[in-house]
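These are the residues of each chain, in order.
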Amino acid sequence: MIRNREQYEWAVARVEQLLPLVDDNTPRTDPNCIELELLSNLVADYSEENFAIGKPALGDVIKMRMSELELTQTKLAEILGISASRISEYIAGKAEPPLKIARDLVIKLDIAPAVVLGL
């Protein structure tokens with residue numbers, strides 16, 4: 001178990017040293033392969049516990065998808081059959097979409113249901 005930032009930084013540096021020494025053809029019994037797997041798991045565990053990003057906010061995901069699909073709030077409102085001001089409220093986090101609109105966001109913007117439902 002990695003207990004502090006110093007150990008974490010050492011482990012990350014060691015993983016970077018081991019990466020060029022191990023490839024898909026390296027036997028799993030090779031000491032470098034074993035060490036790389038163990039350290040990688042430890043680094044991942046420490047990172048997940050100490051540097052977790054968190055869940056994306058629905059408004060941020062809507063804005064990102066609008067940008068990717070080159071949609072304005074007005075155009076998205078037309079697609080969903082609601083007002084542009086309602087879209088603005090969803091983006092700002094001032095309102096949550098009802099089930100029908102949530103379903104349409106999942107389908108029409110290809111947003112993960114868990115994000116729309118706040119899971």
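Reading the values: rules and limits
- Within each chain, residue numbers correspond to sequence positions counted from 1 in written order.
- Predicted model: local features are reported for residues with pLDDT of at least 70 only, side-chain atom pairs are reported and counted for 80 or more only, and whole-chain, interface and lining totals are derived from all residues.
- Excluded from the side-chain calculation are hydrogens and water; included are all heavy atoms of the structure.
- To qualify as a helix, a DSSP run of H or I must reach at least 4 residues; to qualify as a strand, a run of E must reach at least 2; elements of each kind are numbered from the N terminus.
- Each residue is assigned to one of three classes by its accessible area relative to the maximum for its type, calculated with a 1.4 Å probe on protein chains only: buried under 20%, partly exposed between the two thresholds, exposed over 50%.
- Here, residues are in contact when the closest pair of their heavy atoms is within 4.5 Å.
- Note on areas: these come from Shrake-Rupley sampling with a 1.4 Å probe, and a residue is covered only by the protein chains present in the view.
- In this tally, Asp and Glu contribute negative charge and Lys and Arg positive charge; neither His nor the terminal groups of the chain are included.
- By convention, the charge on Lys lies at NZ, on Arg at CZ, on Asp at CG and on Glu at CD.
- A helix's residues, less one, multiplied by 1.5 Å, set its expected span.
- What the arc describes is the spread of directions from the helix axis to the C-beta atoms.
- Polar contacts, as used here, are pairs of N or O atoms within 3.5 Å; protein pairs need one atom able to donate a hydrogen and one able to accept it. Residues neighboring in sequence count only if both atoms are side-chain atoms.
- Joining through side-chain atoms within 4.5 Å is the link that ties buried Ala, Val, Leu, Ile, Met, Phe, Trp, Tyr and Cys residues into a set, and such a set is a nonpolar core.

Looking now at the overall build of the protein chain. Secondary structure summary: the protein chain contains seven helices and zero strands in total. Going from N to C terminus, the protein chain has its helices and strands arranged as α-α-α-α-α-α-α. Evaluated residue by residue, the protein chain yields a buried proportion of 30% over its 119 residues. Looking at the protein chain alone, contacts between residues at least 24 apart form 47% of all its contacts between residues at least 6 apart. When the accessible area of the protein chain is evaluated, it comes to approximately 8,400 Å², of which 54% is carbon and sulfur surface. Averaging the locations of the 13 positively and 19 negatively charged side chains of the protein chain gives two centres separated by 11 Å.

Our focus in this paragraph is helix H2 (residues 31-50). With 20 residues, H2 extends 28 Å from end C-alpha to end C-alpha; this agrees with the ideal 28 Å at 1.5 Å per step. Inspection of H2 places Cys 33, Leu 36, Leu 39, Val 43, Tyr 46 and Ser 47 among the buried residues, and these make up the whole buried set. Across the axial projection of H2, the buried residues extend over an arc of 160°, all falling on one side. In H2, the exposed positions angled more than 90 degrees off the buried face are occupied by Leu 38, Asp 45, Glu 48 and Glu 49. Turning to H2, the residues buried within the fold contact helix H1 (5-18). The opening residue of H2 is Asp 30, an N-cap whose side-chain oxygen sits 2.8 Å from the backbone nitrogen of Asn 32.

Turning our attention to the nonpolar core. In terms of nonpolar packing, the biggest core is built from 19 residues, with Ile 62, Leu 76, Ile 87, Leu 105 and Ile 111 touching the most fellow members. Residue assignment for this core shows that the elements contributing at least two residues are helix H3 (58-68), helix H4 (73-80), helix H5 (84-92), helix H6 (99-109) and helix H7 (113-116). In this structure Ile 111 touches Val 61, Ile 62, Arg 65, Leu 105, Val 106 and Val 116, once residues within four positions along its chain are discounted. Membership of the second largest hydrophobic core comes to eleven residues, among which are Ile 2, Val 15, Leu 36 and Tyr 46.

Below, the discussion takes up H6. Restricting attention to buried positions, one finds in H6 the residues Ile 101, Ala 102, Asp 104, Leu 105 and Leu 109. Viewed along the axis of H6, the buried residues span an arc of 160°, placing them on a single side of the element. Exposed residues pointing more than 90 degrees away from the buried face of H6 are listed as Leu 99, Lys 100 and Ile 107. Looking at the buried positions of H6, the neighbouring elements they touch are H3, H4, H5 and H7. Directly beyond the C-terminal end of H6, a positive phi value near 55° is found at Asp 110.

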